[in-house]
Amino acid sequence: MSVGRVQPAPFIFSGGIEMNEQSHWKGYLVVENLDSLYIQSTYIHEDKIVYGPDSDSTTMAIAGIQFMQNKGHHIASIHLTESVDARTLFLATGVDSTALNEDLEFEEIEWDLLTGEEATLVIAKSNTESYDFEAPQGVEIIDADFYNDMEAAWKTEQEAHHVSQGAYVSSSQYFEGAEARLSLAAQGVGDRMIWPPRQLDANGRRIPSESYSLDPEAQVESWTKLSAAGAPSEFSLRAPILGGIQTLLVQFKQGPRGVFLVSDDVDYSPKIGDTVSFAVRRIYAQEGMMRYGLKANPEY
Amino acid sequence: MNIIDRLNQMLGLLGLVMVDVAVIGAGQTKYGNHQLGLKGMWAEAAENAFSSIDKNFEPRQVDEAFIGSVAFGGAQLGNTAALLTEHSGLDGIPVRRVENACASSGFALRDAWMAIKSGQADIVVAGGIEKMNDLSAERKRFWLGVSGDTEWERLAGLTFPGTYALMARRHFHEHDSSHDDLVHISVKNHMHGFENKDAHIRKQVSFEKAESGFMVADPLTLYDCCPTSDGASCVILAADHVVRQFTDDPVWIRSSGAASDHLALHDRPSVTQLLATQKASRNAYSAAGLTSKNIDLAEVHDCFTIAELMATEDLGFSKQGHGGAFAREGLGVRNEGPVCINPSGGLKSKGHPLGATGTGQAVEVFKQLRGTVEDSRQVRDAEIGLTHNVGGSGATCAVHIFGRDRNE
C-alpha cells in the first residue's frame, strides 16, 4: 500500500462502497471515510505535495487524529511511523503508541498512521486491507523561494548545536506545560477554570491537575505584529522570510486568557473581537528538538 | 555622633523609634554606549556618588551594599556585587547582587533602605549596573525578554515590545487613547532629556517624526521604545543619626513601596493596568502620608511610551483610562503641568541600562530636590519626588518617595 500522490479516481473501500467526503481541517485537506482518513497539505512545490511553513508530519497527524476524534472515533493507541513525534502527539490528542509506551502490546493497537513520501497521511483501522481515496481539490503552488528559504531555516534550527542563550526554554520546562499548551487541558477549581496550569493556591495547597479542556475557540482581545528585527532570537531565521511574526492575546469562553502565534500559512489581519480556533504547529527548534504548540487561525 | 543621635540609634535598635533614612550622595555614569567594562563603569558611578557627598566620606564607612543587575549577556553572572565593590573601595562588607529584571536596582534601593530601617546598618550603598552594547545583535536578542514568563510568552513569539504592544492596542480599544498620545510622551521625554548631560539620546524629535517611526511591534514604533544602554548608578544612604556627619542637605526617603504580579500578561486580571504599580504606590503614599497630588516630579518607568501612559494612571496622576488625555494635554511637561513626569528624559531618552535604571532614577530625584541639575531642566520648587521602577512587563515594581523634609 502506498500513500503518496493519490489517484484522482473513484474511491473503493474494502468492506463496502462509500463516497469520499472532502473538507478543510486545521489548514489541511482531508478526505474521510467511515473508518479511515486521508489528510494532506494544501501546498504543491515542483509537482510534489509539501508541508506548509510551520507544518510537518507530526502536526498533520495530530490534526488527522483530532478530526477522527471529532467524528466520534475512539482511538486509544496507534501505530506510528518514526517521522511523527509520539510524545507531542500523545500530549495533544491523548493517543498512545509503542514509540512512547513500551508496555503497549503491538497486537492491541487498532489503528495505523501511515505517512506518504509527500506531505500526506492516512489514518485507518489496522485491519484495513487497502485504501483508495479521491484526490482532494484545493491545492495551491507555494512560492518556490519562500518554500526553499523556510526549509533551509528549519534545517538550521534543527541542528543539535543551534542553541538559544538567555530566554532559554529547556526541554523539561517545555514539557512541564506541554499538555496544557498542546491540548488546552485546564485545571478546575470550583466553577473556575485555570489555564495555563498553576501549582499551589493561596492556602499552600496543590491545585488539582488538569482534568478539563478549554473550548478550542477564543476571542481576540489584542494583537501585535513584531517586525523581523524585533522578533525573539528563536524566530530570527524565519521572521525575515515571513515578514515578521504575529501574536494574539485571546480570551477563552471559560475565562482564561492566552497568547498565541498566528499560523504561518494564513494571511490574517486580526481585529479585536474576532473569533479564532487553534491547531498544533511548529513553534521553533533548538538543540535538535522541535517545540510544538497551538497557533491561532480564524479559518479553522 | 552626638548623644542625642546615639540615643536615637539605641532606641531604634530596640524598635522604639523608627530610623529615618536619607540619601547623602548619588552619582551615575552617562548612559549610552560605553567603552568601559563593568568594573570601570561601576567605579565611575561610585566615584561620582562619593564626590557628591558634601562632607568627609570614606568608602570604608559603608556597612553593606546591594547592587542590581540582570547580568545581561551572561557577563559576570556570579558574585557580581563582590567584584564591583572590590573595585570601589568597599572591600570586606556584606554585598550581594539583586535581580528583579529591570527593577533590580529599585529593589536594591528598597533593600538598602530596609537594612537601615532595621537598625542593622548605618551607611549602605544601593546601586545598579548593566552592560548591554558589547554583545552582537544576535546575542542581544537572545537576552531581550528573558524576564517574561518564557515558557508561555516566548513560545508565543513575545519579547517586551510585543507584550507592551498588546497592552497599548487594548488600551486604545478600552479608553480614550490613541497612538498620538504615545507620540506626545515620546516628544516630551526627548525634550526633557535633550539637556541632560547623562542621557543616552540627547536629541529632540518632532511630533511628525515620532509618529512615523519604523514599526517595531505594531502599534509601537521605534520612537515608542527605549534604547538599550550601558550604564551604572549609585546612591549612598545613611541613618538619621549619622546623616549630619556627611551633609546638611540630605534628601530623605519618605517611603518605599513594592509589589509583584503575574509575570505573564495573560495571567493578569487586567492588561491595561499594572496592579503591582498600583499596590506599590498605594503603600508608598500611605506610609509617607502623601497623595499623588503632593508629587512635584516623578521618574516613571517608560520602557515603552505606553508604560508611561499606564503609569500616570496607576500612580494616580490621572484617573484610570485618562492617561491619554494627560499626555495629550501636556500635563507631565516640566514646569507646565501639575507634576513633571520624567524630568531626566526617562528611559526613552536618558536610557535604560536595565539593572542601573532604578537607582539612576533616584540619582535624578536627589539632584532635582537639591537643585543641582542643569539650570535649564530644573523642576521649579521641587520638594517631593517619586521613582517608579518596573521589572518585566509589570511583574515587579518598586516605588520610592523622596522629600526635602523628613516624614512628620
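Within each chain, residue numbers correspond to sequence positions counted from 1 in written order. All chains are assigned letters beginning at A, and all ligands numbers beginning at 1, according to the order in which they are written. Where totals are concerned, whole chains, interfaces and linings use all residues; where local detail is concerned, this predicted model gives features only for residues with pLDDT of at least 70, and gives and counts side-chain atom pairs only at 80 or more.

Engineer: Residues and numbers for the overall build of chain A, please.
Structural biologist: Working definition: helices are DSSP H or I runs of at least four residues, strands are E runs of at least two. Numbering for both runs from the N terminus. Within chain A, the secondary structure is distributed over six helices and 17 strands. Here the C-alpha radius of gyration of chain A, 20 Å, is about what a compact globule of 300 residues would show, namely 19 Å. Projected onto its principal axes, the C-alpha coordinates of chain A cover approximately 60 × 45 × 40 Å. Put simply, a residue is buried when 20 or more other C-beta atoms lie within 10 Å of its own C-beta and exposed when 12 or fewer do; between those, it is partly exposed, and each C-beta is set from the backbone. Classification of the 300 residues of chain A by burial places 44% in the buried group. Every radius of gyration here is taken over C-alpha atoms, with the globule rule written as 2.2 Å times N^0.38, N being the number of residues.

Engineer: Just give me the short version of the confidence of the model for chain A, but keep the residues and values in it.
Structural biologist: Do not read the predicted coordinates in detail wherever pLDDT is low. Residues and elements named next belong to chain A. Residue-level confidence of the predictor is what pLDDT reports, using numbers from 0 through 100. When the pLDDT values of chain A are averaged, the result is 89; 92% of them are 70 or greater. Confidence, expressed as mean pLDDT per element, reaches its minimum in chain A at strand β1 (residues 21-25) with 87 and its maximum at strand β15 (residues 257-261) with 98. By the convention adopted here, residues make contact when the C-beta atoms placed from their backbones lie within 7 Å. Within the model, the stretch residues 1-18 combines pLDDT values under 50 with 34 contacts to residues more than four positions away or in other chains.

Engineer: If you had to explain the environment of Tyr-28 of chain A to someone new, which residues and values would you point to?
Structural biologist: All names here are of chain A. Note that Tyr-28 resides in strand β2 (residues 28-32). Here Tyr-28 falls in the buried class, since 26 other C-beta atoms lie within 10 Å of it. If near-sequence neighbours (up to four positions away) are discounted, Tyr-28 is found in contact with Ile-39, Gln-40, Ser-41, Thr-42, Met-60 and Ala-63.

Engineer: If you had to explain the sheet that holds strand β4 (residues 43-45) of chain A to someone new, which residues and values would you point to?
Structural biologist: Residues and elements named next belong to chain A. Strand order across the open sheet formed by three strands is β5-β4-β9, with mixed pairing between neighbours. A single partner strand is all that each edge strand has here, and the edge strands are β5 (48-50) and β9 (140-141). A pair of strands counts as paired when DSSP detects no fewer than two bridges linking them. Where β4 meets β9, two bridges bridge the pair, whose relative direction is parallel. Each residue of the ladder has a partner; that of Tyr-43, found in β9, is Glu-140.

Engineer: Please provide a residue-by-residue account of the packing of helix α4 (residues 104-117) of chain B against helix α15 (residues 357-370) of chain B, values included.
Structural biologist: Residue and element names in this part refer to chain B. Between α4 and α15, the shortest axis-to-axis distance is 5 Å and the interhelical angle comes to 65 degrees. What the angle tells us is that α4 and α15 run roughly perpendicular. Counting all contacts with α4, which are made through Ser-104, Ser-105, Gly-106, Ala-108 and Leu-109, the residues of α15 involved are Thr-357, Gly-358, Thr-359 and Ala-362. Only Asp, Glu, Lys and Arg are considered charged in this grouping, and only Ala, Val, Leu, Ile, Met, Phe, Trp, Tyr, Cys and Pro are considered nonpolar; every other residue, Gly among them, is considered polar. For the contact of α4 with α15, the per-class residue count stands at three nonpolar, six polar and no charged. Axis lines are fitted through C-alpha atoms, for helices just across the contact stretch, and the angle between N-to-C directions can take any value from 0 to 180 degrees. Our angle categories are set so that under 35 degrees counts as roughly parallel, over 145 as roughly antiparallel, 65 to 115 as roughly perpendicular, and the remainder as oblique.

Engineer: Could you give an account of the pairing of strand β7 (residues 231-239) of chain B, naming the residues involved and the relevant values?
Structural biologist: Residues and elements named next belong to chain B. Counted residue by residue, β7 has nine buried out of nine residues, so it is predominantly covered. Side chains Gly-231, Ser-233, Val-235, Leu-237 and Ala-239 of β7 all project onto a buried face; the interleaved residues Ala-232, Cys-234, Ile-236 and Ala-238 project onto the opposite face, where all are buried too. Two elements, strand β1 (residues 21-28) and β7, share seven bridges in a ladder whose sense is antiparallel. Each residue of the ladder has a partner; that of Val-21, found in β7, is Ala-239.

Engineer: Give me the lowdown on the interface of chain A and chain B, citing residues and values where you can.
Structural biologist: The partner chain B presents 32 residues to the 34 residues of chain A that form the contact. Elements with a contribution of two residues or more to the side of chain A that touches chain B: β13 (217-226), β14 (245-252), β15 and β17 (289-297) of chain A. It is β13 of chain A that provides the largest number of residues to the side of chain A that touches chain B, a total of six residues. Along the lines of polarity and charge, the residues of the side of chain A that touches chain B split into 15 nonpolar, 14 polar and five charged.

Engineer: Lay out the sheet that holds strand β6 (residues 78-79) of chain A with the relevant residues and their values.
Structural biologist: Residue and element names in this part refer to chain A. Overall, mixed pairing links the six strands, which are arranged β1-β2-β3-β8-β7-β6 in an open sheet. In this open sheet, the two strands that pair with only one neighbour each are β1 and β6. As paired strands, strand β3 (residues 36-40) and strand β8 (residues 120-125) are joined by five bridges and run antiparallel to one another. The partner of Ile-39 across the bridge, within β8, is Leu-121. Each of β1, β2, β3, β7 (111-115) and β8 touches helix α1 (residues 57-70); the most contacted strand, β8, lies at about 40 degrees to it.

Engineer: Which residues make up the domain arrangement of chain A, and what are the values?
Structural biologist: Residue and element names in this part refer to chain A. What marks off one domain from the next here is an automatic or database domain assignment. Under the domain assignment used here, chain A contains domain 1 (21-142) and domain 2 (156-297). The gap between the C-alpha centroids of domain 1 and domain 2 is 23 Å. Listed per partner, the contact involves 15 residues of domain 1 and 15 residues of domain 2. Of all elements in the fold, only α1 and α2 (86-93) reach the threshold of two or more residues within the side of domain 1 that touches domain 2. Top contributing element to the side of domain 1 that touches domain 2 by residue count: α1, with four residues.

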